[in-house]
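# Structural characterization, general
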Amino acid sequence: MPLIAGIDIGNATTEVALAQDGRFIGSGIVATTGMKGTRDNIAGVVASLQQALNNTPWSLQDVAKICINEAAPVIGDVAMETITETIITESTMIGHNPQTPGGVGVGMGTTIAVEKLAALSEDRFAQGWIPLVGEEMDFLEAVWFINEALDRGVNVVAAILKKDDGVLVNNRLHRPMPVVDEVTLLEKVPEGVLAAVEVAAPGQVVRVLSNPYGIATFFALTPEETQTIVPIARALIGNRSAVVLKTPQGDVRSRVIPAGKIFIRGEKRGGEADVAQGAQAIMQAMSACAPVRDIAGEAGTHAGGMLERVRKVMASLTGHDMNTVHIQDLLAVDTFIPRKVQGGIAGECSMENAVGIAAMVKADRLQMQAIASELSARLNTLVEVGGVEANMAVVGALTTPGCAAPLAILDLGAGSTDAAVINSDGVVKAVHLAGAGNMVSLLIQTELGLSDAFLAEEIKKYPLAKVESLFSIRHENGAVEFFREPLSPSVFAKVVYLKEGELIPVDNQTSLEKIRLVRRQAKEKVFVTNCLRALRLVSPGGSIRDMTFVVLVGGSSLDFEIPQMITDALAHYGVVAGQGNIRGTEGPRNAVATGLVLAGDAKK
Ligand SMILES: Nc1ncnc2c1ncn2[C@@H]1O[C@H](COP(=O)(O)OP(=O)(O)OP(=O)(O)O)[C@@H](O)[C@H]1O
Ligand SMILES: [Mg+2]
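The chain carries the name Diol dehydratase reactivase subunit alpha in an unreviewed UniProt entry, which gives Citrobacter freundii as its organism.

Taken together, 21 residues lie around ligand 1, and Asn11, Thr13, Lys36, Glu457 and Lys460 are the ones closest in. One nitrogen or oxygen atom from the side chain of Glu457 is found 2.3 Å from an oxygen atom belonging to ligand 1. For ligand 1, an oxygen atom lies 3.2 Å from a polar atom in the backbone of Ser556. In isolation ligand 1 has 650 Å² of accessible area, and contact with the protein removes 91% of it. Listed by contribution, the elements that provide at least two residues to the shell around ligand 1 are helix H10 (437–447) and helix H11 (453–461). Sort the elements by how many residues they give to the shell around ligand 1 and H11 lands first, with three residues. Looking at side-chain class alone, the shell around ligand 1 contains three nonpolar, eleven polar and seven charged residues.

In this section: the packing of helix H4 (residues 212–219) against helix H5 (residues 223–236). In a pair of packed helices, the angle between the axes and the distance between the axes together describe the arrangement. Orientation of H4 relative to H5, taken along the N-to-C sense of each, is 125°, at an axis distance of 9 Å. Compared by their axis directions, H4 and H5 come out oblique. Crossing hand, H4 versus H5: right-handed. Two secondary-structure elements touch here, H4 through Pro212, Tyr213, Ile215 and Ala216 and H5 through Thr226, Ile229, Val230, Ile232 and Ala233.

Once that is clear, we can look at the packing of helix H12 (residues 512–538) against helix H13 (residues 562–571). Relative orientation of the contacting elements H12 and H13 amounts to 50°, with a least axis distance of 10 Å. As far as their axial angle goes, H13 and H12 are oblique. Crossing handedness for the pair H12 and H13: right-handed. Residues Arg520, Lys523, Glu524, Phe527, Val528, Cys531, Leu532 and Leu535 of H12 pack against Ile562, Met565, Ile566, Ala569 and Leu570 of H13. When its residues are assigned to classes, the contact of H12 with H13 shows ten nonpolar, no polar and three charged.

With respect to burial, helix H9 (residues 389–397) is a largely interior element, seven of its nine residues being buried. Every buried residue of H9 is accounted for by Glu389, Ala390, Met392, Ala393, Val394, Gly396 and Ala397.

This model, assessed by the stated rule, comprises zero disulfides. Cys531 supplies the cysteine sulfur nearest to Cys403, a cysteine that is in no disulfide, at a spacing of 16 Å.

Right, let's talk about the sheet that holds strand S21 (residues 382–388) for a bit. Strands in a sheet are paired, the pairing made by backbone hydrogen bonds, and the direction either parallel or antiparallel. Within the open sheet, the five strands sit side by side as S3-S2-S1-S4-S21. Their pairing is mixed. Every other strand in the sheet has two partners, leaving strand S3 (23–31) and S21 as the edge strands with one partner each. On average, each strand axis in the sheet is inclined to that of its neighbour by 20°, with strand direction left out of account. Sheet topology note: the strand S4 (residues 63–70)/S21 ladder contains six bridges and is parallel. In the sheet register, Ile68 faces S21, and the bridge partner there is Val385. Relative to S3, helix H1 (residues 41–54) is tilted by about 140°, and along the sheet it contacts strand S1 (3–9), strand S2 (13–20), S3 and S4. Across the sheet, helix H8 (residues 365–379) is in contact with S1, S4 and S21; its angle to S4 comes to roughly 160°.

Further remarks concern helix H6 (residues 279–288). Along H6, the positions that sit buried rather than exposed are Ala279, Ile282, Met283, Ala285 and Met286. The buried residues of H6 occupy an angular sector of 160° when the element is viewed end-on, so they sit on one face. Set apart from the buried face of H6 by more than 90 degrees, the exposed residues are Gln280, Gln284 and Ser287. Residues of H6 that are buried sit in contact with strand S16 (261–266), strand S17 (270–274), strand S18 (292–297), strand S19 (327–340), strand S20 (349–361) and H12.

With respect to the helices and strands, Ser539 occurs in the loop between H12 and strand S30 (549–553). A distance of 2.7 Å separates the side chain of Ser539 from the backbone oxygen of Ser543, its partner in a polar contact. Apart from residues lying up to four places away in sequence, Ser539 is in contact with Lys429, Ile544, Asp546 and Met547.

On to the sheet that holds strand S22 (residues 407–412). Ordered in space as S24-S23-S22-S30-S31, the five strands form an open sheet in which the pairing is mixed. Because the sheet does not close on itself, it has two edges, and the strands there are strand S24 (428–434) and strand S31 (576–579). On average, adjacent strands in this sheet sit at an angle of 20° to one another, irrespective of strand direction. Pairing of S22 with strand S23 (residues 416–422) involves six bridges; the strand directions are antiparallel. Of the residues in S23, the one forming a bridge with Ile409 is Ala420. Sheet contacts for H12: S22, S23, S24 and S30; angle to S24, the most-contacted strand, approximately 150°.

Another point: the nonpolar core. In this structure, Ile262, Leu410 and Leu535 are the most contacted members of the largest nonpolar core, which totals 80 residues. Broken down by element, this core gets its largest block of residues, twelve residues, from H12. Each residue touching Leu410, except ones within four places of it in the same chain, is listed here: Asp418, Ala419, Cys531, Ala534, Leu535, Val550, Val551, Leu552, Val553 and Ile566. In this structure, Ala52, Val63, Met368 and Ala372 belong to the second largest nonpolar core, which totals 24 residues.

This paragraph deals with a negative patch on the surface. Residues Glu115, Glu136, Asp138 and Glu141 make up a contiguous surface patch of negative charge. Among the structural elements, Glu136 can be located in the loop between strand S10 (129–133) and helix H2 (139–152). Residue class for Glu136 comes out exposed when judged on its relative accessible area of 67%.

With an omega of -10°, the peptide bond between Ala290 and Pro291 qualifies as cis. With respect to the secondary-structure elements, Pro291 resides in the loop between H6 and S18. In the segment running from Ala405 into Pro406, the intervening peptide bond is cis, with an omega of -5°. With respect to the helices and strands, Pro406 occurs in the loop between H9 and S22.

Reading the values: rules and limits
- Residues numbered from 1 in each chain as written.
- Chains lettered and ligands numbered in written order.
- Predicted model: local features only at pLDDT ≥ 70, side-chain atom pairs only at ≥ 80, totals over all residues.
- Heavy atoms only, no water.
- Near = heavy atom within 4 Å.
- Polar contact = N/O pair within 3.5 Å; in protein donor to acceptor, adjacent residues only side chain to side chain.
- Areas by Shrake-Rupley, 256 points an atom, 1.4 Å probe, with all protein chains shown as cover.
- Helix = DSSP H or I, 4+ residues; strand = E, 2+ residues; numbered from the N terminus.
- Nonpolar A, V, L, I, M, F, W, Y, C, P; charged D, E, K, R; others polar.
- Axes fitted to C-alpha atoms, helices over the stretch in contact; angles between N-to-C directions.
- Parallel < 35°, antiparallel > 145°, perpendicular 65-115°, else oblique.
- Left-handed = near helix turned anticlockwise from the far one by under 90°.
- Contact = heavy atoms within 4.5 Å.
- Buried < 20%, exposed > 50% of the residue type's maximum accessible area, 1.4 Å probe, protein only.
- Disulfide = S-S within 2.5 Å.
- Pairing = 2+ DSSP bridges.
- Arc of directions from axis to C-beta.
- Core = buried A, V, L, I, M, F, W, Y, C linked by side-chain atoms within 4.5 Å.
- Patch = residues over 30% accessible without salt bridge, like charges linked within 9 Å, V, L, I, M, F, W, Y side chains within 5 Å.
- Salt bridge = Lys/Arg side-chain N within 4 Å of Asp/Glu carboxyl O.
- Lys, Arg positive; Asp, Glu negative; His and termini not counted.
- Charge placed at Lys NZ, Arg CZ, Asp CG, Glu CD.

Okay, structure coming up:
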């Protein structure tokens, strides 16, 4: 009864396939412990193996041989290079999304402390006035000041409040006007300067102040001055309310931070790319240098710092010298990050251009050998480093009913996207590329400005809906679903995701459409790009058209939309893609672990 176990240590999960006399008898899956390819993985390996054994009469002592994968970790995908930044050196705008601005419309006038309205001389009544209300003042008192001024004929056109009383104030005014509230740094708003205040109707966004020519019209700006306020207008796009102040010293600009260069050393040629040129330039340089040996960043820049960090983390975890850690692949994607506008008055954010990068470290056979020996000593069994993941994945994928060589596979994991082709003689060609599920979650998290990585992971995995009434929801595809029992008031009017029949609210002010768009784009940017890139590299003739069938395996092929996206993209090349079903029972999971067992068995 010799038992043999194949164990796939992944960036996210450690999977086990367990076989006895050439027959599979169990599987296990647990979250990977520690960084892939390091000693910390052992705890997860043991737990996963134990799980696979749980449904069998055997125990750890009965396992005669274990085959582990040659693991190449993907790290550094947390690094985002900001390439633009909006800086306001003088207080020149307020553009935020308070929950409750009051009124609607645009008002243009001079700022004044609310209590000073009473002291205005009559000849100044007609010019527009915008009172500033600090936190020490009760809203009723502020209303009294404004109404009293209006009654005397003072032309009050808008108001700016520190506290969140916008609606309370507006409801009591004798004349409707835009009221912006929650301006936390109100004391930084100078008195006696020209200002424009805009509040959009509920469900709408500001139109006048998010348009540079709109601002130029109000302040009678010259073409040169209009140039300098473009960043303000850009930062105000999508807000419900906005204030633009004209201060003589106002100095707003969008500047490009030197993001630095990336140097690529290929087997045949080297190349470089400027991070500020965006993802496309980087990926072009990458493909020109394929196959890549190592990647470095320019010293003293963001890019350099990021790639060196990757090397450093790996070196410290494996106890090797930094110079021996090679970065073998990198995926760059264009993205946006909400960044605090420097000099803003109400905690404004502006979406800045950025490049997200996932970097993969070359698998280190010696390191894997060390893990194998330690595991061997611990379990008192034979442990072998079985083989390269993608090669094993093909072997595993071939257990899918209806599959036979020649065949191509795509293993969509957490850290890497792997591809392999096997021809009719059984010869395998494989690649291992950086960027997969973790990168998608990271893009969702940053583009939606979520503080919580778990929420981003959930948004990636589950479809959205909007709760329209206590008895109905509208799914993201437009379908309406009714319920017999009333829904919980906690989800009312919220955007929710549907997880195993449960409605979970997304407590974020972003609209369903925006979340869906960000989610789908993140998946396309990572998986469609990587799948095409990977298939091109393994295709015998260098063209995706040479392939007919592609089997999708790995955790990310369980996604509710990624397989369709890839099928669609490959259909243009006449390639048919479908989800694998490993051993006819495991779905797209367990391919590498199953392949390790089969390869290990064959070696005997
Ligand atoms: N139901 C699901 N829908 C969408 N994505 C999913 C689902 N289940 C798992 N995933 C994603 O699959 C990924 C994990 O896949 P897998 O376990 O194959 O990776 P791994 O082998 O650990 O990583 P790698 O091969 O890169 O080392 C994670 O990014 C996870 O978010
Ligand atoms: Mg994997």
